[in-house]
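Residue-level structure breakdown
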Amino acid sequence: MDQKLRGQRALVTGANSGIGKAVAYEMGSAGADVMINYVSGDGIAAQIASDISSRFGVRAIAHKADVSVEADVLGMFERAVSEFGGIDIMVNNAGLQKDSPFDEMTLEQWNTVISVNLTGQFLCSREAVRGFKRQGMRPGVSRALGKIICISSVHEVIPWAGHVNYAASKGGVMQLMKSIAQEVAPLRIRVNSICPGAIRTPINKGAWDTPQALDSLMRLIPDKRIGEPEDIGRVAVWLASDDADYVTGASIFVDGGMLLYPGFAAGG
Ligand code: BGC
């Protein structure tokens, strides 16, 4: 087995389901120790941690924390230091949708999405950078001082009616990621985003769980298949590895071509 991340330690937020869970498994399979962050579902998170550690022979621990709460994030990084000695890879994955027509959207729906999807990525990235600076280079482990991977979305550029809070949060993630990347590149910290299109996870179940929904989704995907969480997990491992050592500040779209304006294939 090619273990590109052997000796590294990854923290993945929202890792008890969907994309985060797949990223955690792929990181473990690549040899990294993994901290599984989650906000609800103690049993599932613990089970994922024990499965990852027994399958791949790495350390894996579950840690409950709300990424939008500063004290929770500080506590999570303290635990990472006490259990692992720190982290090398931060994967900002925790995210949610609270969909609503714009003129019916409540302030709570707006604030919840911005707090988790954008403020959560700010808090975790800030603690990650502080930790990378404190621990210093780990020669032989990675050529970078640290790596941050933000899970964004095609909606960091594609406007999305009925989801303005979500699209605004992901547009924010784009500039958060790029501005951090510019600031910390001289320290040899790499910061990038993965921008998934439609991936088969609980967040968008309504878009794929009936033949009719799947059929209408396919009109938006030139590749003519829905993405699987592992499609994102594998790109995350590559981005975290030294194979991507010259990649920073990039938004990498993993979307089966969703961003290619498929409506123009036979029009315009
Ligand atoms: C959203 C999904 C959606 C996909 C493509 C993702 O960021 O979370 O609900 O299916 O973008 O529109």
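Residues numbered from 1 in each chain as written. Predicted model: local features only at pLDDT ≥ 70, side-chain atom pairs only at ≥ 80, totals over all residues. Heavy atoms only, no water.

Per the stated rule, a full pass over the model turns up three aromatic pairs. Ring plane angle 85 degrees and centroid distance 6.4 Å describe the contact between Tyr25 and Phe56, whose orientation is recorded as edge-to-face. Taken as a pair, Tyr25 in helix H1 (residues 18–29) and Phe56 in helix H2 (residues 42–56) lie far apart in primary sequence, 31 residues in all. Ring centres of Tyr261 and Phe264 lie 6.2 Å apart, and the angle between their planes is 85 degrees; on these two criteria the pair is classed as edge-to-face. We classify Phe264 as exposed; its relative accessible area is 56%. Taking NZ or CZ as reference, Arg200 lies 5.6 Å from the ring centre of Trp208, over its face. (Phe/Tyr/Trp six-rings, centres within 6.5 Å; stacked < 30°, edge-to-face > 60°. Helix = DSSP H or I, 4+ residues; strand = E, 2+ residues; numbered from the N terminus. Buried < 20%, exposed > 50% of the residue type's maximum accessible area, 1.4 Å probe, protein only. Lys NZ or Arg CZ within 6 Å of the ring centre and 35° of its normal.)

Residues in close proximity to the ligand include Gln97, Ser153, His155, Trp160, Tyr166, Gly197, Ala198, Ile203, Asn204 and Met258, which together make up its full environment. Contacts to the ligand include Gln97, whose side-chain N or O atom sits 2.7 Å from an oxygen atom. Between the ligand and the protein, one listed contact pairs an oxygen atom with a side-chain N or O atom of His155 at 2.7 Å. Contact with the protein chains removes 90% of the 310 Å² of surface that the ligand exposes when unbound. Class assignment of the residues belonging to the shell around the ligand gives a composition of five nonpolar, five polar and no charged. (Near = heavy atom within 4 Å. Polar contact = N/O pair within 3.5 Å; in protein donor to acceptor, adjacent residues only side chain to side chain. Areas by Shrake-Rupley, 256 points an atom, 1.4 Å probe, with all protein chains shown as cover. Nonpolar A, V, L, I, M, F, W, Y, C, P; charged D, E, K, R; others polar.)

Our focus in this paragraph is the sheet that holds strand S3 (residues 60–64). Pairing in this open sheet of seven strands is parallel, and the strands run S3-S2-S1-S4-S5-S6-S7 from one edge to the other. Edge positions in the sheet fall to S3 and strand S7 (251–254), since each of these pairs with one other strand and no more. For this sheet, the mean inter-axis angle between neighbouring strands, taken without regard to orientation, is 20 degrees. Two strands pair when backbone bridges link them, and strand S1 (residues 9–12) and strand S2 (residues 33–38) are joined in this way by four bridges, in the parallel orientation. When the sheet's bridge partners are listed, Leu11 is paired in S2 with Met35. Against the sheet, helix H5 (residues 164–184) contacts strand S5 (146–151), strand S6 (189–196) and S7, and its axis sits at roughly 160 degrees relative to S6. (Pairing = 2+ DSSP bridges. Axes fitted to C-alpha atoms, helices over the stretch in contact; angles between N-to-C directions. Contact = heavy atoms within 4.5 Å.)

What follows concerns the packing of H1 against helix H7 (residues 229–240). H7 packs onto H1 with a crossing angle of 50 degrees between their chain directions and a minimal axis gap of 8 Å. It follows from the interaxial angle that H1 and H7 lie oblique. The element H1 and its partner H7 pack so that their crossing is right-handed. On the side of H1, the interface is formed by Gly18, Ile19, Ala22, Val23, Glu26 and Met27, while H7 contributes Pro229, Glu230, Ile232, Gly233, Arg234, Ala236, Val237 and Ala240. Across the contact of H1 with H7, the residue classes tally to nine nonpolar, two polar and three charged. (Parallel < 35°, antiparallel > 145°, perpendicular 65-115°, else oblique. Left-handed = near helix turned anticlockwise from the far one by under 90°.)

What follows covers the nonpolar core. Within the largest apolar cluster, 34 residues are counted, with the highest numbers of intra-cluster contacts made by Met27, Ile52, Ile149 and Ile194. Contributing elements (two or more residues each) for this core: S1, H1, S2, H2, strand S4 (89–92), S5 and H7. In contact with Ile194, other than residues within four places in its own chain, are Ile149, Cys150, Ile151, Ser152, Ser153, Ile232, Val235, Ala236, Leu239, Ile252 and Val254. Core analysis: the second largest hydrophobic core is formed by 30 residues, Met76, Phe132, Ala181 and Ile189 among them. (Core = buried A, V, L, I, M, F, W, Y, C linked by side-chain atoms within 4.5 Å.)

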